[in-house]
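# Examination of the molecular architecture
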Amino acid sequence: DVKVTQSSRYLVKRTGEKVFLECVQDMDHENMFWYRQDPGLGLRLIYFSYDVKMKEKGDIPEGYSVSREKKERFSLILESASTNQTSMYLCASSWQGRAETQYFGPGTRLLVL
Amino acid sequence: EDKVVQSPLSLVVHEGDTVTLNCSYEVTNFRSLLWYKQEKKAPTFLFMLTSSGIEKKSGRLSSILDKKELFSILNITATQTGDSAIYLCAVELYNTDKLIFGTGTRLQVFP
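In what follows, the accompanying structure is described. A quick note: this is a predicted structure, and the numbers were derived from the prediction, not measured.

Moving on to unusual backbone geometry. Excluding glycine, residues mostly carry a negative phi; peptide bonds, for their part, are mostly trans. Between Ser7 of chain B and the following residue, Pro8 of chain B, the backbone shows a cis peptide bond with an omega angle of -10°. Positionally, Pro8 of chain B belongs in the loop between β1 (3-7) and β2 (10-14). Positive phi values are uncommon outside glycine, yet Lys53 of chain A reaches one of about 65°. With respect to the element layout, Lys53 of chain A can be found in the loop between β5 (42-51) and β6 (54-57). The class of Lys53 of chain A is exposed, set by a relative accessible area of 56%. Phi is positive for Ala78 of chain B, close to 45°, though the residue is something other than glycine. In this structure Ala78 of chain B comes out as partly exposed when scored by relative accessible area, which is 38%.

This is the structure:
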(Lines give C-alpha, C1' and ligand atoms only; values in the text may rest on other atoms or scores of the structure.)
Protein backbone atom coordinates (compact mmCIF):
# COMPACT_ATOMS: atom_id res chain seq x y z
CA ASP A 1 0.00 0.00 0.00
CA VAL A 2 1.30 3.42 -0.92
CA LYS A 3 1.93 5.52 2.10
CA VAL A 4 2.46 9.23 2.32
CA THR A 5 2.60 10.35 5.91
CA GLN A 6 2.72 13.80 7.43
CA SER A 7 4.19 14.53 10.81
CA SER A 8 1.16 16.20 12.37
CA ARG A 9 -2.57 16.21 11.71
CA TYR A 10 -3.18 19.42 13.65
CA LEU A 11 -0.77 22.16 14.62
CA VAL A 12 -1.25 25.44 16.47
CA LYS A 13 1.53 28.03 16.30
CA ARG A 14 2.01 31.67 17.16
CA THR A 15 2.76 34.48 14.71
CA GLY A 16 6.48 34.74 14.07
CA GLU A 17 7.30 31.14 15.02
CA LYS A 18 9.32 28.94 12.67
CA VAL A 19 7.23 25.96 11.60
CA PHE A 20 8.39 22.66 10.11
CA LEU A 21 5.99 20.33 8.31
CA GLU A 22 7.41 16.93 7.48
CA CYS A 23 6.32 14.52 4.77
CA VAL A 24 7.59 10.99 4.19
CA GLN A 25 6.72 8.60 1.35
CA ASP A 26 7.64 4.94 1.11
CA MET A 27 7.15 4.33 -2.63
CA ASP A 28 10.55 5.53 -3.86
CA HIS A 29 8.78 8.28 -5.85
CA GLU A 30 11.02 10.86 -7.50
CA ASN A 31 8.53 13.73 -7.24
CA MET A 32 7.23 15.31 -4.08
CA PHE A 33 4.85 18.25 -3.71
CA TRP A 34 3.53 20.63 -1.10
CA TYR A 35 0.07 22.17 -1.57
CA ARG A 36 -2.16 24.31 0.55
CA GLN A 37 -5.92 23.99 0.39
CA ASP A 38 -8.27 26.84 1.26
CA PRO A 39 -12.05 27.05 0.84
CA GLY A 40 -12.98 28.50 -2.54
CA LEU A 41 -9.38 28.41 -3.77
CA GLY A 42 -8.78 24.70 -4.22
CA LEU A 43 -5.32 23.15 -4.04
CA ARG A 44 -2.47 25.50 -4.81
CA LEU A 45 1.08 24.31 -5.33
CA ILE A 46 3.66 25.83 -3.00
CA TYR A 47 6.80 23.90 -3.97
CA PHE A 48 7.73 20.86 -5.99
CA SER A 49 10.81 18.64 -5.88
CA TYR A 50 11.77 16.22 -8.67
CA ASP A 51 14.91 14.84 -7.05
CA VAL A 52 17.00 15.03 -3.90
CA LYS A 53 18.17 18.60 -3.28
CA MET A 54 16.20 19.83 -6.33
CA LYS A 55 13.24 22.13 -5.91
CA GLU A 56 11.01 24.29 -8.02
CA LYS A 57 8.67 27.09 -6.97
CA GLY A 58 4.99 26.54 -7.39
CA ASP A 59 2.28 29.15 -7.64
CA ILE A 60 2.51 30.55 -4.11
CA PRO A 61 6.04 30.09 -2.70
CA GLU A 62 6.24 33.40 -0.82
CA GLY A 63 6.77 32.90 2.89
CA TYR A 64 7.75 29.25 2.48
CA SER A 65 10.91 27.26 1.87
CA VAL A 66 11.53 23.54 1.42
CA SER A 67 14.20 20.96 2.00
CA ARG A 68 14.76 17.57 0.38
CA GLU A 69 17.89 15.95 1.73
CA LYS A 70 16.66 12.37 1.26
CA LYS A 71 14.49 10.94 -1.48
CA GLU A 72 11.70 9.87 0.86
CA ARG A 73 11.42 13.08 2.89
CA PHE A 74 10.24 16.55 1.89
CA SER A 75 9.98 19.31 4.46
CA LEU A 76 8.02 22.55 4.26
CA ILE A 77 9.31 25.42 6.36
CA LEU A 78 7.46 28.54 7.36
CA GLU A 79 10.31 30.86 8.37
CA SER A 80 8.08 33.25 10.32
CA ALA A 81 4.49 32.06 10.49
CA SER A 82 1.74 34.57 9.81
CA THR A 83 -2.02 34.34 10.30
CA ASN A 84 -2.61 34.21 6.53
CA GLN A 85 -0.74 30.90 6.49
CA THR A 86 -3.51 29.27 8.49
CA SER A 87 -4.59 26.51 6.13
CA MET A 88 -4.68 22.80 5.33
CA TYR A 89 -1.31 21.62 4.00
CA LEU A 90 -1.20 18.54 1.79
CA CYS A 91 1.91 16.67 0.75
CA ALA A 92 1.95 14.37 -2.28
CA SER A 93 4.39 12.20 -4.20
CA SER A 94 4.45 10.61 -7.65
CA TRP A 95 6.55 8.84 -10.25
CA GLN A 96 8.10 11.09 -12.85
CA GLY A 97 5.96 11.30 -15.96
CA ARG A 98 3.05 9.52 -14.26
CA ALA A 99 0.62 12.14 -13.00
CA GLU A 100 -2.00 9.51 -12.19
CA THR A 101 0.32 8.12 -9.53
CA GLN A 102 0.19 11.28 -7.44
CA TYR A 103 -0.72 10.09 -3.93
CA PHE A 104 -1.60 12.45 -1.14
CA GLY A 105 -0.88 12.45 2.56
CA PRO A 106 -3.66 12.99 5.13
CA GLY A 107 -2.92 16.69 5.50
CA THR A 108 -1.83 18.97 8.33
CA ARG A 109 -4.29 21.56 9.52
CA LEU A 110 -2.23 24.53 10.69
CA LEU A 111 -3.65 27.35 12.79
CA VAL A 112 -1.47 30.43 13.28
CA LEU A 113 -2.61 32.69 16.11
CA GLU B 1 -2.37 32.09 -17.34
CA ASP B 2 -3.35 28.42 -17.04
CA LYS B 3 -6.58 27.85 -15.19
CA VAL B 4 -9.06 25.14 -14.28
CA VAL B 5 -12.62 26.02 -13.28
CA GLN B 6 -15.12 23.69 -11.65
CA SER B 7 -18.86 24.13 -11.31
CA PRO B 8 -20.97 24.14 -9.34
CA LEU B 9 -18.98 25.04 -6.23
CA SER B 10 -21.48 23.20 -4.09
CA LEU B 11 -24.30 20.74 -4.65
CA VAL B 12 -26.87 19.23 -2.29
CA VAL B 13 -28.91 16.23 -3.47
CA HIS B 14 -30.93 13.33 -2.10
CA GLU B 15 -29.89 9.71 -2.27
CA GLY B 16 -30.75 8.19 -5.60
CA ASP B 17 -30.31 11.40 -7.58
CA THR B 18 -27.92 11.64 -10.52
CA VAL B 19 -25.38 14.46 -10.51
CA THR B 20 -23.10 15.98 -13.12
CA LEU B 21 -19.98 17.86 -12.10
CA ASN B 22 -18.22 20.13 -14.57
CA CYS B 23 -14.59 21.01 -15.16
CA SER B 24 -13.41 23.43 -17.83
CA TYR B 25 -9.83 24.41 -18.53
CA GLU B 26 -7.73 26.94 -20.36
CA VAL B 27 -4.14 25.76 -20.48
CA THR B 28 -1.22 25.59 -22.83
CA ASN B 29 0.20 22.16 -23.57
CA PHE B 30 -2.63 19.99 -22.23
CA ARG B 31 -1.63 16.38 -21.59
CA SER B 32 -4.35 14.85 -19.38
CA LEU B 33 -7.18 15.62 -16.98
CA LEU B 34 -7.60 13.88 -13.65
CA TRP B 35 -10.47 13.59 -11.18
CA TYR B 36 -10.02 13.04 -7.44
CA LYS B 37 -12.41 12.44 -4.55
CA GLN B 38 -11.60 14.02 -1.20
CA GLU B 39 -13.50 12.92 1.86
CA LYS B 40 -12.22 13.95 5.24
CA LYS B 41 -8.56 13.91 4.38
CA ALA B 42 -6.37 12.85 1.44
CA PRO B 43 -7.69 13.18 -2.13
CA THR B 44 -7.90 9.81 -3.83
CA PHE B 45 -7.53 9.23 -7.55
CA LEU B 46 -10.64 8.43 -9.60
CA PHE B 47 -9.93 8.83 -13.33
CA MET B 48 -7.36 10.02 -15.80
CA LEU B 49 -8.58 11.17 -19.23
CA THR B 50 -6.36 11.82 -22.21
CA SER B 51 -8.56 11.31 -25.25
CA SER B 52 -11.78 13.01 -26.27
CA GLY B 53 -15.03 11.07 -26.29
CA ILE B 54 -13.81 7.97 -24.49
CA GLU B 55 -15.82 7.36 -21.34
CA LYS B 56 -14.07 6.08 -18.26
CA LYS B 57 -16.32 4.18 -15.87
CA SER B 58 -16.04 2.81 -12.37
CA GLY B 59 -19.25 1.54 -10.82
CA ARG B 60 -21.72 4.41 -10.58
CA LEU B 61 -19.09 6.99 -11.56
CA SER B 62 -18.20 7.89 -15.12
CA SER B 63 -16.27 10.65 -16.81
CA ILE B 64 -15.66 11.96 -20.30
CA LEU B 65 -13.38 14.56 -21.85
CA ASP B 66 -14.03 16.99 -24.71
CA LYS B 67 -10.71 18.39 -25.92
CA LYS B 68 -12.33 20.59 -28.53
CA GLU B 69 -14.56 22.41 -26.07
CA LEU B 70 -11.98 22.09 -23.27
CA PHE B 71 -14.09 20.49 -20.56
CA SER B 72 -14.80 17.29 -18.72
CA ILE B 73 -17.80 16.02 -16.78
CA LEU B 74 -18.02 13.58 -13.90
CA ASN B 75 -21.34 11.77 -13.57
CA ILE B 76 -22.51 9.96 -10.48
CA THR B 77 -25.71 7.93 -10.81
CA ALA B 78 -27.91 6.68 -7.95
CA THR B 79 -25.98 8.76 -5.43
CA GLN B 80 -25.39 7.44 -1.92
CA THR B 81 -24.45 9.25 1.29
CA GLY B 82 -20.95 7.81 0.91
CA ASP B 83 -20.53 9.90 -2.25
CA SER B 84 -20.51 13.06 -0.09
CA ALA B 85 -17.08 14.60 -0.66
CA ILE B 86 -15.18 17.31 -2.47
CA TYR B 87 -14.51 16.34 -6.08
CA LEU B 88 -11.35 17.83 -7.53
CA CYS B 89 -10.41 18.22 -11.16
CA ALA B 90 -6.77 18.71 -12.19
CA VAL B 91 -4.96 19.20 -15.47
CA GLU B 92 -1.53 17.85 -16.30
CA LEU B 93 0.63 19.71 -18.80
CA TYR B 94 3.30 18.30 -21.08
CA ASN B 95 6.90 18.63 -19.93
CA THR B 96 6.01 19.01 -16.29
CA ASP B 97 4.83 16.69 -13.55
CA LYS B 98 2.86 19.46 -11.86
CA LEU B 99 -0.93 19.47 -11.73
CA ILE B 100 -3.18 22.52 -11.90
CA PHE B 101 -6.22 22.03 -9.70
CA GLY B 102 -9.67 23.53 -9.87
CA THR B 103 -11.45 24.88 -6.80
CA GLY B 104 -13.39 21.66 -6.31
CA THR B 105 -17.11 20.86 -6.07
CA ARG B 106 -18.50 20.01 -2.64
CA LEU B 107 -21.20 17.36 -2.99
CA GLN B 108 -23.53 16.56 -0.11
CA VAL B 109 -25.89 13.62 -0.42
CA PHE B 110 -28.70 13.39 2.12
CA PRO B 111 -30.75 10.27 2.86
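Further notes follow.
What follows concerns the interface of chain B and chain A. Across the contact, 17 residues belong to chain B and 24 residues belong to chain A. Taken together, the two surfaces of chain B and chain A that pack against each other cover about 1,600 Å², and 59% of this comes from carbon and sulfur. Among the residues of chain B in contact with chain A, Asp97, Lys98 and Phe101 of chain B are the three that bury the most area, contributing 35% of the side total. Applying the counting criterion to the chain B and chain A interface returns one salt bridge. Between Glu56 of chain A and Lys98 of chain B there is a salt bridge, with its nearest N and O atoms 3.0 Å apart.

Bringing the environment of Gln102 of chain A into the picture now. Its place among the elements puts Gln102 of chain A in the loop between β9 (87-94) and β10 (103-104). When the C-alpha positions of Gln102 of chain A and Met32 of chain A are compared, they lie 8.8 Å apart, and in sequence the two are 70 residues distant. The contacts of Gln102 of chain A, once residues within four sequence positions are left out, are Phe33, Tyr35, Ala92, Ser93 and Ser94 of chain A together with Tyr36, Asp97 and Leu99 of chain B. Side chain to side chain, Gln102 of chain A and Tyr35 of chain A meet in a polar contact 2.6 Å long.

Its volume calculated, the largest pocket comes out at about 680 Å³. Every residue lining the largest pocket is counted, 26 residues in all, and those nearest its centre are Gln37 of chain A together with Gln38, Glu39, Ile86 and Arg106 of chain B. Put simply, the parts of the chain that give the lining of the largest pocket at least two residues each are β4 (31-38) and β9 of chain A together with β9 (85-93) and β11 (105-110) of chain B. Among the elements that line the lining of the largest pocket, the one with the most residues is β11 of chain B, at four residues. Across the lining of the largest pocket, the residue classes tally to seven nonpolar, twelve polar and seven charged. Its boundaries defined by the atoms lining it, the second largest pocket holds a volume of some 500 Å³. Around the second largest pocket, the lining is made up of 21 residues, and of these Asp59 of chain A together with Glu1, Asp2, Ile100 and Phe101 of chain B lie nearest the centre. Elements with a contribution of two residues or more to the lining of the second largest pocket: β5 of chain A together with β1 and β10 (99-101) of chain B. Looking at side-chain class alone, the lining of the second largest pocket contains nine nonpolar, five polar and seven charged residues.

The rules behind the values
Residues numbered from 1 in each chain as written. Chains lettered and ligands numbered in written order. Predicted model: local features only at pLDDT ≥ 70, side-chain atom pairs only at ≥ 80, totals over all residues. Heavy atoms only, no water. Helix = DSSP H or I, 4+ residues; strand = E, 2+ residues; numbered from the N terminus. Buried < 20%, exposed > 50% of the residue type's maximum accessible area, 1.4 Å probe, protein only. Contact = heavy atoms within 4.5 Å. Buried area = accessible area lost by both parts, 1.4 Å probe. Salt bridge = Lys/Arg side-chain N within 4 Å of Asp/Glu carboxyl O. Polar contact = N/O pair within 3.5 Å; in protein donor to acceptor, adjacent residues only side chain to side chain. 1 Å grid on protein atoms, 1.4 Å probe; cavity = no way out; pocket = protein on both sides within 12 Å on 5 of 7 lines; lining within 4 Å. Points joined across faces, edges and corners; volume = space filled by probe spheres on them. Nonpolar A, V, L, I, M, F, W, Y, C, P; charged D, E, K, R; others polar.

Functional significance is not addressed by these values, which are geometric in nature.
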